Amino acid sequence: MQDNLKIPAHVAIIMDGNGRWAKAQGKPRTFGHTEGAKRVADVTRAAGELGIKYVTLYAFSTENWSRSAEEVGALMKLFRGYLKTCIKDADENNMRIRVIGDKTALDPDIRESIAYVEEHSAKYDGVTLTLAINYGGRDELTRAVRKIAESVEKGKLTASEITADTISASLDAPDIPDPDLMIRTCGEERISNFLLWELAYSELYFTDVAWPDFGPEELKKAVEAYTRRDRRFGGADE
Ligand code: IPE
Ligand code: IPE
Ligand code: MG
């Protein structure tokens, strides 16, 4: 990649297609999740090498609870495992790890692991990896609206003082800039309740490659496509 190309500061990824990838090989969907989880470390490391500062990965949506108990259980087991091994990765790569989404619905041991990992890695200033677990854009906005309503109830804020910045500041990771680039793997071209507010002006990139096959080379392709885009924010040509 040429040095003069603009690198996105924040890349958000909908890691999709684990189930189809496994099924195509006559294997259970959960095998796809296990293989998919292995891509997280490679892709995050590659992102850091490209100069990307923030990576946000959609790991489990508020809608994914509707899957079979077996599949949900397998995914929770993978999160448990990842939250144990990621500490080493964070230490070795100066990586900060955060989680967005409604943590209250997660099992207490997972919540404890998240709290530990977030606290332990808060000192690192390389790549920030944000995992969206039990995350839904509508749920995040609903929780934000509740927080704002509580401030109004307490008399800390009036309705007319509420601005777009008030809403941004009430989201799960208010200090992280909005994604510049959003990637979705495995062919589907929809948002599926990911970062509804934050994606307002992100460039969107869709690839047919399934998440378990998405490696550093695929990330590079997406970033290269991004560098060729003419980004606009509602203005006119210069
Ligand atoms: C993405 O892969 C992982 C999660 C949603 C947890 P899928 O499980 O959605 O795989 P497909 O889309 O059914 O192939
Ligand atoms: C979005 O993928 C959620 C995650 C990748 C975690 P889904 O596979 O759940 O989305 P739909 O059902 O295809 O829209
Ligand atoms: Mg899917």
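Every chain is numbered on its own, with residues counted from 1 as its sequence reads. Think of it this way: whatever chain is written first is A, whatever ligand is written first is 1, and the rest follow in order. Per-residue local features are limited, in this predicted model, to residues with pLDDT of at least 70; the limit for side-chain atom pairs, both in listing and counting, is 80 or more; totals at the level of whole chains, interfaces and linings are taken over all residues. Excluded from the side-chain calculations are hydrogens and water; all other atoms, namely the structure's heavy atoms, are used.

(A) Looking closely at the site of ligand 1. The cutoff for a nearby residue is simple: one of its non-hydrogen atoms must lie within 4 Å of the molecule or strand. The environment of ligand 1 is made up of 13 residues, and the closest members are Met15, Asp16, Arg20, Arg29 and Arg67. One nitrogen or oxygen atom from the main chain of Gly17 is found 3.3 Å from an oxygen atom belonging to ligand 1. Note that an oxygen atom of ligand 1 is positioned 3.2 Å from one of the backbone N or O atoms of Asn18. Across the complex, the protein chains shield 88% of the 380 Å² of accessible surface that ligand 1 would expose by itself. Helix and strand definitions here come from DSSP, where helices need a minimum of 4 consecutive H or I residues and strands a minimum of 2 consecutive E residues; each element is numbered from the N-terminal end. When residues in the shell around ligand 1 are grouped by element, the largest group, 3 residues, is from helix α1 (residues 18-23). Side-chain classes are defined by residue name, with Ala, Val, Leu, Ile, Met, Phe, Trp, Tyr, Cys and Pro counting as nonpolar, Asp, Glu, Lys and Arg as charged, and the others, Gly among them, as polar. Within the shell around ligand 1, the residues separate by chemical class into 3 nonpolar, 5 polar and 5 charged. Polar contact is the term for a pair of N or O atoms within 3.5 Å; when the atoms are in protein, one must be able to donate a hydrogen and the other to accept it, and sequence-neighboring residues count only if both atoms are side-chain atoms. Areas reported as accessible are Shrake-Rupley estimates using a 1.4 Å probe. Residue values count occlusion only from the protein chains shown.

(B) Quick peek at the site of ligand 2. Taken together, Ile14, Met15, Asp16, Tyr58, Ala59, Phe60, Ser61, Asn64, Arg67, Arg184, Arg190 and Ser192 are the residues near ligand 2. Take Asn64: an N or O atom from its side chain is 2.9 Å from an oxygen atom of ligand 2. When ligand 2 is considered free in solution it has 390 Å² of accessible area, and contact with the protein chains removes 78% of it. Class assignment of the residues belonging to the shell around ligand 2 gives a composition of 5 nonpolar, 3 polar and 4 charged.

(C) Local environment of the environment of Arg190. Inspection of the secondary structure puts Arg190 in the loop between β5 (181-184) and β6 (203-206). Distance in space between the C-alpha atoms of Arg190 and Phe206 is 9.2 Å, their sequence separation being 16 residues. Aside from chain neighbours lying at most four places away, what touches Arg190 is Ile14, Arg184 and Phe206. Polar contacts involving the side chain of Arg190 include one to the side chain of Glu188, which spans 3.1 Å. Note on definitions: a residue-residue contact is assigned when non-hydrogen atoms from the two residues lie within 4.5 Å.

(D) The arrangement of helix α4 (residues 108-121) in detail. To estimate how far a helix should extend, the number of its residues minus one is multiplied by 1.5 Å. With 14 residues, α4 should reach 20 Å at 1.5 Å per residue; the first-to-last C-alpha distance of 20 Å fits that figure. All of the buried residues along α4 are Ile110, Ser113, Ile114, Val117 and Ser121. For α4, the arc enclosing every buried residue in end-on projection is 100°, short of the 170-degree limit, so these residues lie on one face. Of the exposed residues in α4, those oriented more than 90 degrees away from the buried face are Pro108, Glu112, Tyr116 and Glu119. Packing partners of the buried residues in α4 comprise α3 (69-93) and β3 (96-100). Exposed residues in this analysis have more than 50% of their type's maximum accessible area, buried residues have under 20%, and partly exposed residues fall in between, with area computed by a 1.4 Å probe over protein chains only. Our arc is simply the arc of the directions from the helix axis toward the C-beta atoms.

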